[in-house]
Amino acid sequence: MQPTWLATMPAASSLVVGVAFTAAVAVAVAAAVARRAWRHRGLRLPPGPPGWPVVGNLLQVVFAGKPFIHYIRDLRREYGPIVKLQMGVRTLVVISSAELVHEALVEKGREFATRPAESPIRSIFSSGKFTVNSAVYGPEWRSLRRNMVSGMLRAARLREFRPARLRAMERFVARVRAEAAASRDGASVWVLRNVRFAMFCVLLDMTFGLLDLDEELVVRVDAVMKRVVLAVAARIDDYLPFLRPFLWRQHRQAVALRREQIDTVLPLINRRRAIVRGMRAGSPPDPAVAAPYSYLDSLLDLRVEGRDAVPTDEELVTLCAEMINGGTDTTATAIEWAMARVMDNPSIQARLHGEIMQRVGDARPVDDRDTDGMPYLQAFVKELLRKHPPTYFALSHAAVEPGSKLAGYDVPVDANLDIFLPTISEDPKLWERPTEFDPDRFLAGGETADITGSAGVRMIPFSAGRRICPGVGMGTAHIALMVARMVQAFEWRAHPSQPPLDFEDKVEFTVVMKRPLLAMVTPRKLSF
């Protein structure tokens, strides 16, 4: 629907407006091209395919007839492990070798420690880059990250959240039993949606510490968070901003969704705020209603370097959403891949179950205090993250200041530095039999893998260096716990109605199975 003032104009005036608008767009395009040429003059940029005026390589990517990762693989074969793509006004520098990633993120970690500019839509949901993941490298980022680690992710704090994990695991097992019993054959379960809901419940509990939320409210919050994740996906006007006036409806929808997100999450914040005030006044909460601590508690009075005031309510919504969204889908999709591997190879399932029985038995549920002492389970999780990292690309980096170089090439300050992960974990120079899924490679006397990349880049599913995902410890712990609890409670088999497992993938927010995993489960005989 066009604006009223435009609809009521005489035809001649409309024509004049149209011509003027077209001319303005043309001027904007020409100015953008000129600015880019001026900024990059004299630089030795990495090699890459020649592009078209204005759009650069954008149309080549769009009409390549293949997923972007396969296009990147083709470019790597032609140009090598560092490639430049001009995507409209955005310059992408893609690196795909262990040596270059180590140079960028470890050796020159400070030089490439910031994030590129955000699109207007992303900025709406990040409160203007006021999150750990999106913040510009500097005092604000350090304050936010330091608080996230101390308030949520350090080992001692994670141990305090053990009751949240136990509650979610019991809820998960009950949901799987109920779904299987209600299915036509009495055994069918969709893996991802159940695992995802369990992970969402864990993080909701850890973030707000509210224990009496009914399932209807949890589902509603989850639905809003999912829509936010979809709303911040890349759009054509991120690369060609002169198209933004034509996409005003999408911007309006994003603003409305942001309002809905705030209206949904803020009541949880206000409830927790009241509980914290009561605790400070000497009135402890009912243990059936509220946990003694939550991540939000650390944010309410947070002093951020360079700011005079504590975070606003809208910024609190943003920081809470970052924690929940950052740890839900990445973990859930990893666990779906894990169960596909378990179902595909009965010997893996047997070894995992045997290790659980030896360590824990069938008299109590396995928990995260047990999983650290299960070497085969830990090797399985490492191999899972090597073969099935949550994303193909680490979050984009950017140069902090002019003059930065990689492999002898200049990396402009306005460029996105993107790290392509699959070619590292598939590199036969780094791995024996890289195409095989084999947890035994990580057992005693086998291969090693520092997933932080500090001791050398071989696999970095959570990135590396200064901007490594601060939740790496929590993520791996949650994967190990979920896999162990699932194998302890059920025997998992491929569903006879489904084609043979082929491990094809596709990109949504994370890398998911192209065909969602439907399993047959048989409850195991347990004494608890």
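Computed from a prediction, not measured in an experiment: that's the story for all the values here.

### Focus on helix α7 (residues 139-153)
Taking 1.5 Å as the rise per residue, α7 with 15 residues should run 21 Å; its terminal C-alpha atoms sit 20 Å apart, in good agreement. If you check which residues of α7 are buried, you get Trp-141, Ser-143, Leu-144, Arg-145, Asn-147, Met-148, Gly-151, Met-152 and Leu-153. Where α7 is buried, its residues touch α8 (155-160), α10 (191-208), α14 (295-300), α15 (313-344) and α20 (472-489).

### Considerations on a positive patch on the surface
Together, Arg-110, Arg-142, Arg-146 and Arg-466 line one region of the surface with positive charge. Residue Arg-146 is classed as exposed on the basis of its relative accessible area, which comes to 52%.

### Considerations on the sheet that holds strand β7 (residues 490-494)
An order of β3-β10-β7 is seen for the 3 strands of this open sheet, with the pairing classed as antiparallel. In this open sheet, the two edge strands, each paired with only one partner strand, are β3 (188-190) and β7. If you compare each strand with its neighbour and ignore which way they point, the axes differ by 45° on average. Bridge count between β7 and strand β10 (residues 518-523): 5 bridges; the pairing is antiparallel.

### A short note on the pairing of β10
Put simply, side chains in a regular strand alternate between the two faces of the sheet. Sheet topology note: the β3/β10 ladder contains 3 bridges and is antiparallel. Bridge pairing in β10 links Ser-188 to Met-520.

### Looking at the environment of Trp-337
By secondary structure assignment, the location of Trp-337 is in helix α15. It is 7.9 Å that separates the C-alpha atoms of Trp-337 and Val-512, two residues lying 175 residues apart in sequence. Apart from the residues within four sequence positions on either side, Trp-337 is in contact with Leu-384, His-388, Phe-503, Glu-504, Asp-505, Val-511, Val-512 and Met-513.

### Here's the deal with the packing of aromatic side chains
Under the defined criterion, the tally for this structure stands at 8 aromatic pairs. Relative to Phe-437, the ring of Phe-380 has its centre 5.8 Å away and its plane inclined at 75°; by these criteria the two rings are edge-to-face. In this pair, Phe-380 is assigned in helix α18 (residues 375-387) and Phe-437 in the loop between α19 (422-425) and α20, connecting sequence segments 57 residues apart. A residue is classified by how much of its surface remains accessible, and Phe-437, at 15% relative accessible area, is buried. A network of ring pairs unites the aromatic residues Phe-68, Phe-393 and Phe-420 as a single cluster. Over the ring of Phe-130 we find Arg-307, and its NZ or CZ is 3.9 Å from the ring centre.

### A short note on the sheet that holds strand β2 (residues 90-95)
Strand pairing in a sheet takes place through backbone hydrogen bonds and is either antiparallel or parallel in direction. Reading across the sheet, the 3 strands line up as β1-β2-β6 and stay open at both edges, with mixed pairing between neighbours. Across the chains shown, the open sheet's two edge strands, defined by having one partner strand only, are β1 (82-87) and β6 (415-419). Neighbour-to-neighbour, the strand axes of this sheet turn through a mean angle of 25°, independent of strand direction. Relative to β2, β1 runs antiparallel, the two sharing 6 bridges. Each residue of the ladder has a partner; that of Ile-82, found in β2, is Ile-95. Set on the sheet, helix α4 (residues 68-79) makes contact with β1 and β2; between it and β1 the angle comes to about 130°.

### Thoughts on the pattern of salt bridges
If charged atoms from side chains of opposite charge come close, those side chains can pair. The final tally for this structure, using the stated rule, is 41 salt bridges. Between Asp-74 and Lys-66 there is a salt bridge, and its shortest N-O distance comes to 2.4 Å. When its relative accessible area of 25% is taken as the criterion, Asp-74 is described as partly exposed. Between Asp-237 and Arg-244 there is a salt bridge, with its nearest N and O atoms 3.2 Å apart. By relative accessible area, Asp-237 is classed as buried at 2%. Judged by its relative accessible area of 28%, Arg-244 is partly exposed. Ionic contacts of the salt-bridge type, sharing partners, join the residues Arg-162, Arg-165, Arg-364, Asp-367, Asp-368, Arg-369 and Asp-370 into one network.

### Examining the packing of helix α9 (residues 162-182) against α10
Across the interface, α9 lies against α10 with an axial gap of 9 Å and an inter-helix angle of 155°. Taken together, the axes of α9 and α10 are roughly antiparallel relative to one another. Regarding α9 and α10, the two cross each other, and that crossing is right-handed. Facing Ala-164, Arg-165, Arg-167, Ala-168, Met-169, Arg-171, Phe-172, Arg-175, Val-176 and Glu-179 of α9, the residues of α10 in contact are Arg-193, Asn-194, Val-195, Phe-197, Ala-198, Met-199, Cys-201, Val-202, Asp-205 and Met-206. Here the residues of the contact of α9 with α10 are counted per class, giving 12 nonpolar, 1 polar and 7 charged.

### Quick word on unusual backbone geometry
A positive phi angle is found at Lys-129, which is not glycine, with a value near 70°. With respect to the secondary-structure elements, Lys-129 resides in the loop between α6 (120-125) and α7. In this model, Ser-463 sits at a positive phi of 70°, which is unusual for a non-glycine residue. Following the sequence through the fold, Ser-463 ends up in the loop between α19 and α20. The exposure class assigned to Ser-463 is buried, which follows from its relative accessible area of 8%.

### Observations concerning the packing of helix α16 (residues 346-359) against α20
Their axes nearest at 9 Å, the elements α16 and α20 cross at an angle of 90°. As judged from the angle between their axes, α16 and α20 are roughly perpendicular. Counting all contacts with α16, which are made through Gln-349, Leu-352, His-353, Ile-356 and Met-357, the residues of α20 involved are Val-483, Ala-484, Val-487 and Gln-488. By residue class, the composition of the contact of α16 with α20 is 6 nonpolar, 3 polar and no charged.

Quick notes on the rules
Residues numbered from 1 in each chain as written. Predicted model: local features only at pLDDT ≥ 70, side-chain atom pairs only at ≥ 80, totals over all residues. Heavy atoms only, no water. Helix = DSSP H or I, 4+ residues; strand = E, 2+ residues; numbered from the N terminus. Expected span 1.5 Å × (residues − 1). Buried < 20%, exposed > 50% of the residue type's maximum accessible area, 1.4 Å probe, protein only. Contact = heavy atoms within 4.5 Å. Patch = residues over 30% accessible without salt bridge, like charges linked within 9 Å, V, L, I, M, F, W, Y side chains within 5 Å. Areas by Shrake-Rupley, 256 points an atom, 1.4 Å probe, with all protein chains shown as cover. Salt bridge = Lys/Arg side-chain N within 4 Å of Asp/Glu carboxyl O. Lys, Arg positive; Asp, Glu negative; His and termini not counted. Charge placed at Lys NZ, Arg CZ, Asp CG, Glu CD. Pairing = 2+ DSSP bridges. Axes fitted to C-alpha atoms, helices over the stretch in contact; angles between N-to-C directions. Phe/Tyr/Trp six-rings, centres within 6.5 Å; stacked < 30°, edge-to-face > 60°. Lys NZ or Arg CZ within 6 Å of the ring centre and 35° of its normal. Parallel < 35°, antiparallel > 145°, perpendicular 65-115°, else oblique. Left-handed = near helix turned anticlockwise from the far one by under 90°. Nonpolar A, V, L, I, M, F, W, Y, C, P; charged D, E, K, R; others polar.

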